[in-house]
Amino acid sequence: MAYSKEDILRIVKEQDIKFIRMQFVDAFGQLKNVAITSSQIEKALDNKIMMDGSSIEGFVRIDESDQCLYPDLNSFAIFPWRPQHGRVARLICDIYNPDGTPFIGDSRGVLRRVQRRAASMGYTFNVGPECEFFLFETDENGKPTTITSDEAGYFDLGPLDHGESTRREICLNLEQMGFEIEASHHEVAAGQHEIDFKYAEAMHAADNITTFKLAVKTLAQKNGLHATFMPKPIYGINGSGMHINMSLSKDGKNVFYDPDGERGLSKEAYSFIAGLLIHVKGMTALLNPLVNSYKRLVPGYEAPCYLAWSASNRSALIRIPSARGASTRVELRSPDPSCNPYLALAVCLAAGLDGMEKGLTPPPEIKENIFAMSDEQRKAAGIDTLPDSLQNALYEMQHDPLIMDTLGPHISQAILEAKGKEWEEYTTRVSSWEIEKYMVTY
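Residues numbered from 1 in each chain as written. Predicted model: local features only at pLDDT ≥ 70, side-chain atom pairs only at ≥ 80, totals over all residues. Heavy atoms only, no water.

A. Inspection of the overall build of the chain at higher detail. Scanning the chain from terminus to terminus reveals 12 helices and 18 strands. A compact globule built from 442 residues would reach a C-alpha radius of gyration of about 22 Å, and the chain, at 22 Å, matches this within 12%. Oriented by its inertia axes, the alpha-carbon framework of the chain measures out at about 65 × 60 × 50 Å. Counting over 442 residues, the chain shows a buried share of 54%. Contacts in the chain between residues far apart in sequence, at least 24 positions, make up 70% of those at least 6 positions apart. (Helix = DSSP H or I, 4+ residues; strand = E, 2+ residues; numbered from the N terminus. Rg over C-alpha atoms; globule rule 2.2 N^0.38 Å. Buried < 20%, exposed > 50% of the residue type's maximum accessible area, 1.4 Å probe, protein only. Contact = heavy atoms within 4.5 Å.)

Right, dumping it as structure tokens:
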């Protein structure tokens, strides 16, 4: 939806909107906001709302803390779950320095820079995410548990699926905010759900993912449940992923489709796949940014951990869904929903474009179930693995110049420092597993 300043001023008045949340994300994809009253909306639309960047993780030092919020007018939306009188709306913002230059630590700015590069080559980057999450019950104090009281499985319907009414409410609320929901179903694990929304141009898709997470958490809480996008909340069952479906268009045509190409794919599609495969190790710290992410990326739970591509094989990291024509796309299956969507999409696009600019070709397609292959068979087929820990992923990121350059020095340094501390804290913490394993024996 395209809005002008006049449109927003009129809607705020007509719809009795009392508060506007000026939203942005920190370097780690956590949603933040500065709430203003409707009396301040003109000031906000003139980019005059300031905030203190020194209190936001990964932003700026104390001595350069003033930042300006520049709202993206097209992101204007009313929260349907808030009261109908004295309503609440939001604007997603870019972060600028007081001198009017874009702030180098703004995640949206990172994605916008790569989009500009794609546009200079004539391309628009389109993304369709598949977001999974768990709904858990809360205890008497409102704290989350890992209890689901839900025995449903993949694509099951109620009454087995106790989260179904919450999932339905999420879909209806998102549709009121302009989302086009393509699918909504129960996932493999108890308490696990997936909602897929229609593909969009990359910035809009990243905004949608951010809005989606907020809606899911807010509506779950309203219904006495706790929603989590933690990749692997329970040992022994499937974790939550966020498959990213990507395509490039040029002059309104899908660049990845070639009716005369092998498997209906163009040379550009193969080069894009090759770029992803070459850089995916360096991207992993951004696509899977938590210590917990690597508990999901293990064999046996449908999450891909081997570097391969296939037109049919769901054990491969990159899959090419069967649809062709305008729906031809490349699906990257390793990301999880804890990632910062702006940075995740930025590095995916940068890697794909790098493959195209260099005219790279991917290794041969792997049609066998990679999980069922032995280490020797995988080695013989030249199948490498993703980093197996956050520590190794940070090492790979640091040694991939394209990824470091895409992020820029500010964000890359913030991530390496904060995530390095997170890993150190994890390795020195004594877990319940260790207590159970060693306390009595030794």
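B. Molecular detail of the packing of aromatic side chains. Counted according to the given criterion, the structure contains 16 aromatic pairs. Relative to Phe76, the ring of Tyr3 lies with its centre 5.7 Å away and its plane at 85°, an arrangement referred to as edge-to-face. Here the residue Tyr3 occupies a position in the segment before α1 (5-14), and Phe76 occupies one in the loop between β4 (66-71) and β5 (77-78), the gap between them amounting to 73 residues. Per residue, the accessibility class of Tyr3 equals that of Phe76, and both read buried. Ring centres of Tyr270 and Trp309 lie 5.7 Å apart, and the angle between their planes is 70°; this geometry places the pair in the edge-to-face category. Here Trp309 lies in strand β15 (residues 309-310) and Tyr270 lies in helix α6 (residues 267-287), a separation of 39 residues in the sequence. (Phe/Tyr/Trp six-rings, centres within 6.5 Å; stacked < 30°, edge-to-face > 60°.)

C. Quick look at a nonpolar patch on the surface. Residues Val430, Ile435, Met439 and Val440 make up a contiguous nonpolar surface patch of roughly 440 Å² in combined accessible area. Residue position: Val430 is located in the loop between α11 (401-428) and α12 (432-438). (Patch = residues over 30% accessible without salt bridge, like charges linked within 9 Å, V, L, I, M, F, W, Y side chains within 5 Å. Areas by Shrake-Rupley, 256 points an atom, 1.4 Å probe, with all protein chains shown as cover. Salt bridge = Lys/Arg side-chain N within 4 Å of Asp/Glu carboxyl O.)

D. Spotlight on the pattern of salt bridges. Taken as a whole and assessed by the stated rule, the structure comprises 19 salt bridges. In this structure, the salt-bridge partner of Lys222 is Glu169, at a minimum N-O distance of 2.6 Å. Within this pair, whereas Lys222 is found in helix α5 (residues 202-222), its partner Glu169 is found in helix α4 (residues 164-176), the two being separated by 53 residues in sequence.

E. Molecular detail of the packing of α6 against α11. Two numbers describe how α6 lies on α11: the axes approach to 12 Å, and their chain directions differ by 25°. For the element pair α6 / α11, the angle class is roughly parallel. As α6 packs across α11, the resulting crossing turns out to be left-handed. Contacts from His279, Gly282, Met283 and Leu286 of α6 reach α11 at Leu402, Ile403, Leu407 and Ile415. The residue makeup of the contact of α6 with α11, split by class, is six nonpolar, two polar and no charged. (Axes fitted to C-alpha atoms, helices over the stretch in contact; angles between N-to-C directions. Parallel < 35°, antiparallel > 145°, perpendicular 65-115°, else oblique. Left-handed = near helix turned anticlockwise from the far one by under 90°. Nonpolar A, V, L, I, M, F, W, Y, C, P; charged D, E, K, R; others polar.)

F. View of unusual backbone geometry. Although it is not a glycine, Asn47 sits at a positive phi angle of roughly 60°. In this fold, Asn47 is placed in the loop between α2 (41-45) and β3 (49-52). Of note, Asp251 is a non-glycine position whose phi angle comes to about 55°, a positive value.

G. Structural detail: the packing of α4 against α5. Two elements in contact, α4 and α5, have axes separated by 10 Å at closest approach and are oriented at 135°. On the basis of the axis angle, α4 is oblique to α5. For the pair α4 and α5, the crossing hand works out as right-handed. Contacts between α4 and α5 involve Thr166, Glu169, Ile170, Asn173 and Leu174 on the former and, on the latter, Phe212, Ala215, Val216, Leu219, Ala220 and Lys222.

H. Focus on the nonpolar core. Among the nonpolar cores identified, the biggest contains 96 residues, and Phe212, Leu248 and Ile318 are the most heavily contacted of them. Once you skip the residues sitting within four places of it in the chain, Phe212 turns out to touch Cys131, Phe133, Leu174, Phe179, Ile195, Phe197 and Phe229. With 22 residues, the next largest nonpolar core counts Ile20, Leu69, Leu91 and Phe103 among its residues. (Core = buried A, V, L, I, M, F, W, Y, C linked by side-chain atoms within 4.5 Å.)

I. Fine view of the confidence of the model for the chain. Per-residue confidence for the chain gives a mean pLDDT of 89, with 93% of residues at or over 70. Counted against residues more than four places away or in other chains, residues 154-161, with its pLDDT under 50, gives 18 contacts. (pLDDT = per-residue confidence, 0-100.)

J. Representation of α4 within the structure. With 13 residues, α4 extends 19 Å between its outermost C-alpha atoms, agreeing within 8% with the 18 Å of an ideal straight helix rising 1.5 Å per residue. Buried within α4 we find Thr166, Arg167, Ile170, Cys171, Asn173 and Leu174. Buried residues of α4 fall within an arc of 165° about the axis and therefore sit on the same side. Exposed residues on α4 whose side chains face more than 90 degrees from its buried face are Ser165, Arg168 and Gln176. Next to the buried residues of α4 lie β7 (124-137), β8 (181-186), β9 (192-197), α5 and β11 (225-228). Remark: Gly178 follows α4 within two positions and exhibits a positive phi of approximately 100°. (Expected span 1.5 Å × (residues − 1). Arc of directions from axis to C-beta.)

K. Molecular detail of the environment of Leu394. Counting through the fold element by element, Leu394 comes out in helix α10 (residues 390-398). Measuring from C-alpha to C-alpha, the distance between Leu394 and Lys419 comes to 7.9 Å, with 25 residues separating the pair along the chain. Not counting residues up to four positions away in its chain, the partners in contact with Leu394 are Ala285, Ile415, Leu416, Lys419 and Gly420.

L. Focus on the pairing of strand β12 (residues 242-250). Most of β12 sits out of view: eight of its nine residues are buried. In terms of strand pairing, β7 meets β12 through eight bridges, oriented antiparallel. Counted as the bridge partner of Cys131 is Met242 from β12. In the sheet, β12 pairs with strand β17 (residues 330-332) via three bridges, with the strands oriented antiparallel. The residue bridging Met246 from the neighbouring strand is Val330, located in β17. Pairing between β12 and strand β13 (residues 253-254): two bridges, direction antiparallel. Across the sheet, Ser249 pairs through a bridge with Asn254, a residue of β13. (Pairing = 2+ DSSP bridges.)

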